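So you can see what is in the structure, the chains are spelled out below.
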Amino acid sequence: MHPCATSHPQPDLASQPAPLDWSDTDAQAVNVARALAMDAVEQAGNGHPGTAMSLAPAAYLLFQRLLRHDPHDASWAGRDRFVLSCGHSSLTLYIQLYLSGYPLQLEDLQALRQWASLTPGHPEYRHTQGVETTTGPLGQGIATAVGMAMAARFERGLFDPDAALGQSPFDHTIWVFASDGDMQEGVQAEAASLAGHQQLGNLVVLYDDNHISIEGDTSVAFSEDVLARYASYGWHTQRVADAEDVHALHDALLTAQQTTDRPSLIAMRSVIAWPAPHARNTAKAHGAALGAQEVAATKQAMGLDPDASFDVPGQVLAHARQVAQRGAAAHRRWDEQFAVWASAHPEQAALFERLRTRTLPQGWEQAIPTFPAGAMSTRKASGKTLAALAPVIPELWGGSADLAESNLTELPGTGSFLPLGSTASGADPYGRTLHFGIREHAMGAILNGIAVHGGTRPFGATFLVFSDYMRPAVRLAALMQLPVIYVWTHDSIGLGEDGPTHQPIEHLWALRAIPGLDVVRPADANETAVAWRTALASANAVGTPGHAANPQHEQGSQDCPNPADEPTTAASGGTNPHPQVGTRPVALCLTRQDVPVFDRSVEPERWGSADLTARGGYILREAAGLASGQLPEVLLLATGSEVSLALSAQDRLAAGGVAARVVSLPCLEWFDDQPDSYREQVLPAAVRARVSVEAGSSLGWPRYVGQTGRSVSIDHFGASAAANVLYEKFGITVEAVVAAAQESLAQ
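Predicted model, so just to flag it, every value in this text is computed and none were measured.

## Re the pattern of salt bridges
Step number 1: If you walk through the whole model with that rule in mind, you get 24 salt bridges.
Step number 2: Arg 679 is paired through a salt bridge with Asp 676; the nearest N and O atoms lie 2.3 Å apart. One end of the pair, Arg 679, and the other, Asp 676, are both in helix α24 (residues 676-682), three residues apart, so they sit about a helical turn from each other.
Step number 3: By relative accessible area, Arg 679 is classed as partly exposed at 26%.

## Topic: the sheet that holds strand β3 (residues 203-209)
Step number 1: The sheet built from five strands is open, its strands ordered β1-β2-β3-β7-β6 with parallel pairing. Because the sheet does not close on itself, it has two edges, and the strands there are β1 (81-84) and β6 (236-240). On average, each strand axis in the sheet is tilted by 15° relative to the strand beside it, whichever way the strands run.
Step number 2: One ladder, built from five bridges, connects β6 with strand β7 (residues 264-269); its direction is parallel. Paired with Arg 239 across the bridge in β7 is Ala 267.
Step number 3: The sheet contacts of helix α6 (residues 140-159) involve β1, β2 (174-179) and β3, and relative to β2 the element is tilted by about 170°.
Step number 4: Against the sheet, helix α9 (residues 226-233) engages β3, β6 and β7, with an angle of about 160° to β6.

## Regarding the pairing of strand β19 (residues 634-638)
Step number 1: Buried residues dominate β19, accounting for five of its five residues.
Step number 2: Side chains Val 634, Leu 636 and Ala 638 of β19 all project onto a buried face; the interleaved residues Leu 635 and Leu 637 project onto the opposite face, where all are buried too.
Step number 3: In the sheet, β19 pairs with strand β20 (residues 660-664) via five bridges, with the strands oriented parallel. Paired with Val 634 across the two strands is Ala 660, which belongs to β20.
Step number 4: Following the backbone out of β19, through helix α22 (residues 643-655) and into the adjacent parallel β20, one traces a crossover that is right-handed.
Step number 5: As paired elements, β19 and strand β21 (residues 690-693) share four bridges and run parallel to each other. Counted as the bridge partner of Leu 635 is Arg 690 from β21.

## Re the side chain of Thr 298
Step number 1: The topology assignment puts Thr 298 in helix α12 (residues 292-301).
Step number 2: Its relative accessible area of 0% is what places Thr 298 among the buried residues.
Step number 3: With residues near it in sequence (within four places) discarded, Thr 298 still touches Met 38, Met 53, Pro 275, Ala 276 and Pro 277.

## Quick word on the packing of helix α18 (residues 440-453) against helix α19 (residues 467-480)
Step number 1: Relative to each other, α18 and α19 sit at 20°, their axes nearing to 6 Å. The angle between the axes of α18 and α19 places the two elements in the roughly parallel class. In terms of crossing hand, the pair formed by α18 and α19 is left-handed. Together, Glu 440, His 441, Met 443, Gly 444, Ala 445, Asn 448 and Val 452 of α18 and Tyr 469, Met 470, Pro 472, Ala 473, Leu 476, Ala 477 and Met 480 of α19 make up the contact between the two elements.
Step number 2: Counted by class, the contact of α18 with α19 contains ten nonpolar, three polar and one charged residues.

## Structural notes on the pairing of β3
Step number 1: Across the seven residues that make up β3, a large majority, seven, are buried.
Step number 2: Of the two faces of β3, the one holding Leu 203, Val 205, Tyr 207 and Asp 209 and the one holding Val 204, Leu 206 and Asp 208 are both buried throughout.
Step number 3: As paired elements, β2 and β3 share six bridges and run parallel to each other. Following the sheet pairing, Ala 178 is matched in β3 by Tyr 207.

## With respect to the confidence of the model for the chain
Step number 1: Chain-level pLDDT for the chain is 93 on average; 92% of the residues reach the 70-or-more range.
Step number 2: In the predicted structure, residues 541-549 sits below a pLDDT of 50 and forms 30 contacts with residues beyond four places in sequence or in another chain.

## Considering the packing of aromatic side chains
Step number 1: Counted under the stated rule, the structure contains 25 aromatic pairs.
Step number 2: Pairing Phe 82 with Phe 177 gives two aromatic rings, centres 5.0 Å apart and planes at 85°, and the pair type is edge-to-face. A residue pair is termed long-range when its members are at least 10 positions apart, and Phe 82 in strand β1 and Phe 177 in strand β2 qualify at 95 residues. The same class applies to Phe 82 as to Phe 177, namely buried.

## Points about the sheet that holds β21
Hydrogen bonds along the backbone pair up the strands of a sheet, which may run parallel or antiparallel.
Step number 1: Spatially, five strands are ordered β18-β20-β19-β21-β22 in an open sheet, and the strand pairing comes out mixed. The open sheet has two free edges, formed respectively by β18 (618-621) and β22 (710-712), since each of these has just one partner strand. Going across the sheet, the axis of each strand differs from the next one's by a mean of 30°, ignoring polarity.
Step number 2: Relative to β22, helix α27 (residues 734-746) is tilted by about 175°, and along the sheet it contacts β19, β21 and β22.

## Here's the deal with empty space enclosed by the protein
Step number 1: Counting across every chain of the model gives six cavities of 30 Å³ or more.
Step number 2: Every residue lining the largest cavity is listed: Phe 63, Leu 67, His 69, Ala 74, Arg 79, Asp 80, Phe 82, Leu 93, Leu 97, Tyr 102, Gly 130 and Glu 132.
Step number 3: Residue composition of the lining of the largest cavity, by class: seven nonpolar, two polar and three charged.

## Focus: the nonpolar core
Step number 1: By size, the foremost hydrophobic cluster in this structure holds 76 residues, and its most contacted members are Met 183, Leu 203 and Tyr 486.
Step number 2: Among the elements that take part in this core, α6 stands out by supplying eleven residues, more than any other.
Step number 3: Residue contacts for Met 183: discarding those within four places in its chain leaves Ile 142, Ala 178, Gln 188, Val 205, Tyr 207, Phe 222, Glu 224, Val 226, Arg 229, Tyr 230 and Leu 265.
Step number 4: Counting 68 residues, the second-largest nonpolar core is a separate cluster that includes Leu 67, Leu 106, Val 240 and Ala 289.

Quick notes on the rules
- Residues numbered from 1 in each chain as written.
- Predicted model: local features only at pLDDT ≥ 70, side-chain atom pairs only at ≥ 80, totals over all residues.
- Heavy atoms only, no water.
- Salt bridge = Lys/Arg side-chain N within 4 Å of Asp/Glu carboxyl O.
- Helix = DSSP H or I, 4+ residues; strand = E, 2+ residues; numbered from the N terminus.
- Buried < 20%, exposed > 50% of the residue type's maximum accessible area, 1.4 Å probe, protein only.
- Pairing = 2+ DSSP bridges.
- Axes fitted to C-alpha atoms, helices over the stretch in contact; angles between N-to-C directions.
- Contact = heavy atoms within 4.5 Å.
- Right-handed = clockwise from strand over helix to strand, strands pointing away.
- Parallel < 35°, antiparallel > 145°, perpendicular 65-115°, else oblique.
- Left-handed = near helix turned anticlockwise from the far one by under 90°.
- Nonpolar A, V, L, I, M, F, W, Y, C, P; charged D, E, K, R; others polar.
- pLDDT = per-residue confidence, 0-100.
- Phe/Tyr/Trp six-rings, centres within 6.5 Å; stacked < 30°, edge-to-face > 60°.
- 1 Å grid on protein atoms, 1.4 Å probe; cavity = no way out; pocket = protein on both sides within 12 Å on 5 of 7 lines; lining within 4 Å.
- Points joined across faces, edges and corners; volume = space filled by probe spheres on them.
- Core = buried A, V, L, I, M, F, W, Y, C linked by side-chain atoms within 4.5 Å.

Have a look at this one:
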């Protein structure tokens, strides 16, 4: 079998499970885990004890016997990945991290859901060691894990494509725990369908089929045969009738891990809150403390001291923490295997190190194209930039939601990421062009999984209006500070005849409202190229300063370093690679229609360099005839395709004796991160006459134009007609900009 058929390993040699050896101490450890779940929620006064109780045997079994991990090195490259898709049951993960010997103490369990604790209500990436991704919004975890599994195969292709199955240091398993709620979410279905199509044999999902959700028995809303559905997707499926039967569960998990030609789903029937005498199998047990009396009765039923809280017997903890020794031994063996591989593959080893530190190749920026004056859509400029970057950045990969010909995101000559045996043109198990199908939400979550898995640089594309379908995953990318790039084309009514269902209106400001998402709307081809350069460079180092995902992460900590020093400023021209842009997602919002590529060689002293796109906003063209230090009378602020309207309005105002400055604002987030001195230089407070020009909602522009400013915008839905007709009918014209400037001046 070709190794790239799956990239799914046999278990680690020394931890190869024989028939399960399950001791009385193991059984006691499971009961202790259940008691800790009850105690933590009881102390917090809120939380989700029931699922953590019923999943305790499966979680303990996985962490102790099957998961390849090193509690003393949570970022070990050779580890398996574990995703708790049912993130509300965060205690399922926290308790196993504590028992296994990760840097999580009993006091942390006692501080569940409290301010600044390491045990927030849902697991948070970058916050608690051992948490591989932020989960909580149901379905996201499964979809993110699909991205991890795809990334594992792709990374194997970068580093070790010819190794036999299970013999590469880059082979590992992606394990997922999921709930009934996950199985009802649409994003799960999208992602599972694609996972089956991609034959991701390195992915194992354990479905906790407990039949309980907040509204009671799931039969009120859910009656499908989940295993049959997954089988139709192309998954290997199994059923375990009793979550307490650890031997049957072990056999099923091992069978799933050894099934290498497709992903695996195990439906495990459990009883929520088992073995609580009264709370078991009730909706209340899902999301509420059981109460002191029920907790005591449950502990007594398990043979534990009913009066003791957070009681972890020393022999139980010592027994559970033997997994750290096994993990360290597995890590040492992996290091030896890795050293042999690195010696035999020095070029790939150098690539591995570069991706591990998230640095880009030396001189990669030289591949960025520059565009002559003329006309070109920014989506086409983006496509040309991607094509130029593909040969020099092998870790750059991505695709679209079945819109590649419209988004222009194909990477020429790189092959399509498809499983071995696919008959599609250009199919390559290690290809760099992703075909997500019409699955925008799953695409967003899969990109997150790729980004958290390793150092590759993923991008995904669709029309801007359909970013709505992606929004939950985009929000999580911003929350996790992931270097994902979105290519969202057809960015305004300028797309024309497809009409209001496809024409974004509120989307730019809705996306700008997401903290930590950089929304970039370049004005011409050269701004587009610099936007790509900035987006890629912004994560060009581990630990690059960025927005704190969570205010509980204090500045200066390992996860949230102090902001970089202020960048130097320049009146015009020059480069500035925006040092305060950290590892965070970037959205490129691009035109369908051609727009002018500005000729900055005419009166060059008036023009700002396209390199200043990296600062988010800059003086694109200064008013003519200003003396040194003299301010313009009015500021014309514009983004994207409307910048050319502002330039024409500037000329018309000049003919009437009004000195106007045109400011291009491709990214308000980058601009807002600039020092006050730079922002004052571009938008002087003394100039109160201002006009914003953007073919979208005016929602946030008052912040930039002030009370005396005006906005040329569109605050209603579009229509089906040619782009030029729509701009005229809806008043986004040069005449409208001039009139708005005169109104603002009159104020």
